[in-house]
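Notes for the structure review
Here's the letter readout for the chains.
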Amino acid sequence: MNVHTQAAKVQQTSNDYGIRIDPIEGQVSAWRNDVCIARSDRAKIMHETRLDSVVYFPPEDILVPLFDDSELRTFCPFKGTATYFDMDVEGERTADAAWSYRKVLPEGEGVEGYIAFLPDSVTRIDVEGVEPASPFGGHIAGPTVDWLMREASTCRSPEELTAAIARKFVEDGIAVSRLSIMIWSLHPLIAGKNYIWSRDTDSVAAYSPDHGLLNRATFIDSPLRHVSNGLGGVRQRLDVDEYEFSFPILEDLKASGATDYVAMPLPFSNGQINVMTLTCDHPKGFTTPNLGLVFECSAVISRFFEVFTLQDNAKSLLETYLGKRTGARVLGGEIRRGDGDEIDAAILFCDLRGSSILEDQLDRDSYIALLNTFFETTTDIINAHDGEVLKFIGDAVLAIFPAGDDRAKACRQALDSAVEIARQLAKSALVEKSFALESATGIAFGKVTYGNIGSLERLDFTVIGKAANIAARLGDYGKVHGHAIVASKDVIADPSSAQPLGLIELRNVSEPVETFAVST
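Counting restarts for each chain, with residues numbered from 1 along the sequence as it is written. Two thresholds apply to this predicted model, a pLDDT of at least 70 for residue-level local features and 80 or more for giving and counting side-chain atom pairs, whereas whole-chain, interface and lining totals are computed over all residues. As a convention, hydrogens and water are excluded, and side-chain values are obtained from all of the structure's heavy atoms.

Thoughts on the pattern of salt bridges
Side chains carrying opposite charge are able to pair once their charged atoms draw close together. Note on definitions: salt bridges are taken to be side-chain nitrogens of Lys or Arg within 4 Å of carboxyl oxygens of Asp or Glu. Summed over all chains, the structure comprises 24 salt bridges. A salt bridge links Asp312 to Lys193, with the nearest nitrogen and oxygen atoms 3.4 Å apart. Of this pair, Asp312 sits in helix 7 (residues 288–322) while Lys193 sits in strand 13 (residues 192–198); the two residues are 119 residues apart in sequence, bridging distant segments of the chain. For Asp344, the salt bridge identified is with Lys447, shortest N-O distance 3.2 Å. On the criterion of sequence distance, the pair formed by Asp344 in strand 18 (residues 340–352) and Lys447 in strand 23 (residues 439–454) is long-range, its members being 103 residues apart. With a 1.4 Å probe rolled over the protein chains alone, any residue whose accessible area is under 20% of its type maximum counts as buried; one over 50% counts as exposed, and the rest are partly exposed. Look at Asp344 and you get partly exposed, because its relative accessible area is 31%. Classification of Lys447 by relative accessible area gives partly exposed; the value is 47%. What you see here is one network of salt bridges that share partners, running through Glu107, Arg235, Arg237, Asp239 and Asp260. Secondary structure elements follow DSSP: runs of H or I no shorter than four residues count as helices, runs of E no shorter than two count as strands, and numbering proceeds from the N terminus.

This is the structure we're talking about:
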């Protein structure tokens, strides 16, 4: 049975999730130590599957001051978004001691505006005339739960996980026509990953919006922003004339035949709030058992996505700070001091010329912009020539071009990178001040140790060896003598194509190095 046929079934989930609100005939009182903080003969009790029964008091029967300046919000797909209150009892203020649903969803209609206390904020609640035990069962089972417990861990990507979750919801009798997962990420270029499953195509489309998303009207006026900012979730029936939430996407979904919509938090263990949304096209919308199943499973679903996100963040951060090649090696397990290889490589050391003067003449923002232009230009060119930037050292760049079995290719890539960097920087200028950027680059070839060095607790994945030292010294020599590119003889394939500089004594290099100046 495919997802289209399953969606046409009458909604029936295999769990017995339910909510019931009963009036309490007798008097109810709430106490904090010896102080009565609420007393009412019009209180109500809410029973909900798998939760302790909760007593709700009319606001006028609260006997102590409550303050509504708390920023805490929580979401229930049956009752809506809860607002929290601090409480003052004889001069002792308790934060987030009580909550209330100011605009409640249909399933919780009987407690709109009523106030309940968190268990830690009260010593006891005396209830007369009602049995506080829940009438509902405490177990949820069915295809989705079984799959989450036994098979979900076999999913190898967030896309595969998103599609599988949506299909299991449909198999469990929930008329989900669209499901989306928005996960925020740690990445210098993208804000997060958005996975959207559609029942029409039974496939997942993945998007990676950049950080500009956060300033766009489509996000600012969206449930994603509302939920991510900790304002609670969103539940909106779309077959009504009056909406509690005025999000443009709700009109779009209604026009496509949707009848119900939910956006709920998917919190990670570090407090990051991601978002899961579900759209329904069943004439009766989502039922209480439907949402009970989804809500109960959401914490487990969140943990599966957190695993993928941690892997993605680790990869992103390692590539950002170490480079793709080096980051992959560290992520692959080369994390101990001494891990690494001895390889043949061309080493490029590129230094920004006149940076001290520029720093003195420019304001901080302009100088940082200049440095970023320099680093971005050099990095893009080096990457394009199959090299890798190992690190930024002040206003200089250290890069490696591993030789493998082709020494000539590695040297050519390093030389071509240096020439293109010099040409591109010559075209660059800080528009406001008209400062042209110039560099001095040193290139050497040889055997280097490529791996982890440092202390037991603080490591650096880098290159060490004679070639790395010579490249840096050649760059210094070029700065002093006005050469944009200076390379050792073993880098130059055709000596006639470069200007010979002879044997040069370099600081901290034991023997003179035969060098050439390369024209740009």
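Past the structure itself, the notes keep going.
Let's talk about the side chain of Arg235
Relative to the helices and strands, Arg235 is located in strand 15 (residues 234–237). Residue Arg235 is classed as buried on the basis of its relative accessible area, which comes to 5%. For Arg235, the side chain forms a polar contact with the side chain of Asp260, separated by 2.9 Å. Contact criterion: two residues are considered in contact whenever any of their non-hydrogen atoms come within 4.5 Å of each other. When sequence neighbours within four positions are dropped, the list of residues in contact with Arg235 reads Phe75, Pro77, Leu105, Glu107, Phe245, Asp260, Tyr261, Val262, Phe286 and Leu291. Whenever two N or O atoms come within 3.5 Å, that pair is a polar contact, provided that in protein one can donate a hydrogen and the other can accept it, and provided that, for residues adjacent in sequence, both atoms are side-chain atoms.

Considering the nonpolar core
Counting 51 residues, the largest nonpolar core has Phe169, Val176, Leu179 and Phe305 as its most contacted members. At eight residues, helix 7 tops the list of elements feeding residues into this core. Beyond its immediate stretch of four places on either side in the chain, Phe305 contacts Pro158, Leu161, Thr162, Ile165, Ile181, Ile183, Tyr195 and Phe268. The definition of a nonpolar core used throughout is a set of buried Ala, Val, Leu, Ile, Met, Phe, Trp, Tyr and Cys residues joined through side-chain atoms within 4.5 Å. Counting residues in each nonpolar core, the second largest holds 36 residues, with Leu358, Cys411, Val419 and Ala498 among its members.

Some words on the packing of aromatic side chains
In this scheme Phe, Tyr and Trp rings, the latter by its six-membered ring, pair at centre separations within 6.5 Å, and the angle between planes marks the pair as stacked below 30 degrees, edge-to-face above 60, and tilted otherwise. Tallying each qualifying case throughout the model produces seven aromatic pairs. Here Tyr56 and Trp99 contribute two aromatic rings whose centre-to-centre distance is 6.1 Å and whose plane-to-plane angle is 90°, an arrangement assigned as edge-to-face. Placement of the pair is Tyr56 in strand 5 (residues 54–56) and Trp99 in strand 9 (residues 92–100), with a sequence separation of 43 residues. For the pair formed by Tyr56 and Trp99, the shared burial category is buried. Ring geometry for Phe57 versus Phe117: centroids 6.0 Å apart, planes at 65°, classification edge-to-face. With Phe57 in the loop between strand 5 and strand 6 (66–67) and Phe117 in strand 10 (residues 115–117), this pair connects stretches of sequence that are 60 residues apart. Taken together, the aromatic side chains of Tyr56, Tyr84 and Trp99 make up a single cluster linked through ring pairs. Working rule: Lys NZ or Arg CZ, within 6 Å of ring centre, within 35 degrees of ring normal, means a charge sits over the ring. A cation over a ring is seen here: Arg93 above Phe67, with NZ or CZ 4.2 Å from the ring centre.

A word on the packing of helix 2 (residues 143–150) against helix 7
Only the stretch in contact is used when fitting a helix axis, every axis being a line fitted to C-alpha atoms; angles between N-to-C directions are given from 0 to 180 degrees. Two numbers describe how helix 2 lies on helix 7: the axes approach to 11 Å, and their chain directions differ by 20°. Classified by the angle between their axes, helix 2 and helix 7 sit roughly parallel to one another. Crossing angle aside, the handedness with which helix 2 passes helix 7 is left-handed. Residues Thr144, Val145, Leu148 and Met149 of helix 2 form the contact with helix 7, whose own contacting residues are Leu293, Cys297, Val300, Ile301 and Phe304. Per-class residue counts for the contact of helix 2 with helix 7 are eight nonpolar, one polar and no charged. For classification, angles of less than 35 degrees are called roughly parallel, those exceeding 145 degrees roughly antiparallel, those between 65 and 115 degrees roughly perpendicular, and all remaining angles oblique. Handedness of a helix crossing follows the sense of rotation of the near helix relative to the far helix, less than a right angle counterclockwise being left-handed and clockwise being right-handed. When residues are grouped by polarity, Ala, Val, Leu, Ile, Met, Phe, Trp, Tyr, Cys and Pro land in nonpolar, Asp, Glu, Lys and Arg in charged, and all others, Gly among them, in polar.

Here we look at the confidence of the model for the protein chain
A score between 0 and 100, pLDDT records how confident the predictor is in each residue. Summary statistics for the protein chain give a mean pLDDT of 87 and a share of 93% for residues scoring 70 or more. Within the protein chain, the element-level pLDDT minimum falls on helix 1 (residues 3–7), averaging 50, and the maximum on strand 10, averaging 97. Within the model, pLDDT remains below 50 along residues 7–14, and this stretch shows 26 contacts once partners closer than five positions in the same chain are excluded.

Considering unusual backbone geometry
Its identity as a non-glycine residue notwithstanding, Glu90 has a phi of 50°, on the positive side. Relative to the helices and strands, Glu90 is located in the loop between strand 8 (80–89) and strand 9. Looking at Glu90, the relative accessible area reads 72%, which means it is exposed. One non-glycine residue with positive phi stands out, namely Asp386, at about 65°.

Here we look at the packing of helix 2 against helix 3 (residues 158–171)
At their nearest, the axes of helix 2 and helix 3 sit 8 Å apart, and the two run at 150° to each other. Considered as vectors, helix 2 and helix 3 are oriented roughly antiparallel to each other. Residues Pro143, Thr144 and Trp147 of helix 2 form the contact with helix 3, whose own contacting residues are Leu161, Ala164, Ile165, Lys168, Phe169 and Glu171. Considered class by class, the residues forming the contact of helix 2 with helix 3 number six nonpolar, one polar and two charged.

Observations regarding the environment of Ser302
Topologically, Ser302 is positioned in helix 7. For Ser302, a relative accessible area of 1% corresponds to the buried category. Separated by 2.6 Å, the side chain of Ser302 and the backbone oxygen of Pro267 make a polar contact.

Comments concerning the sheet that holds strand 12 (residues 176–184)
Here the rule is simple: two strands pair whenever DSSP picks up at least two bridges between them. Spatially, 14-13-12-17-16-15 is the arrangement adopted by the six strands of the open sheet, whose pairing is antiparallel. Either end of the sheet is taken by a strand with one partner, and the two such strands are strand 14 (203–207) and strand 15. The mean angle between the axes of side-by-side strands here comes to 15°, regardless of whether they run parallel or antiparallel. Summarising the sheet, strand 16 (residues 260–267) and strand 17 (residues 273–280) pair through eight bridges and their orientation is antiparallel. Residue pairing for strand 17: Met264 is matched across the bridge by Met276.

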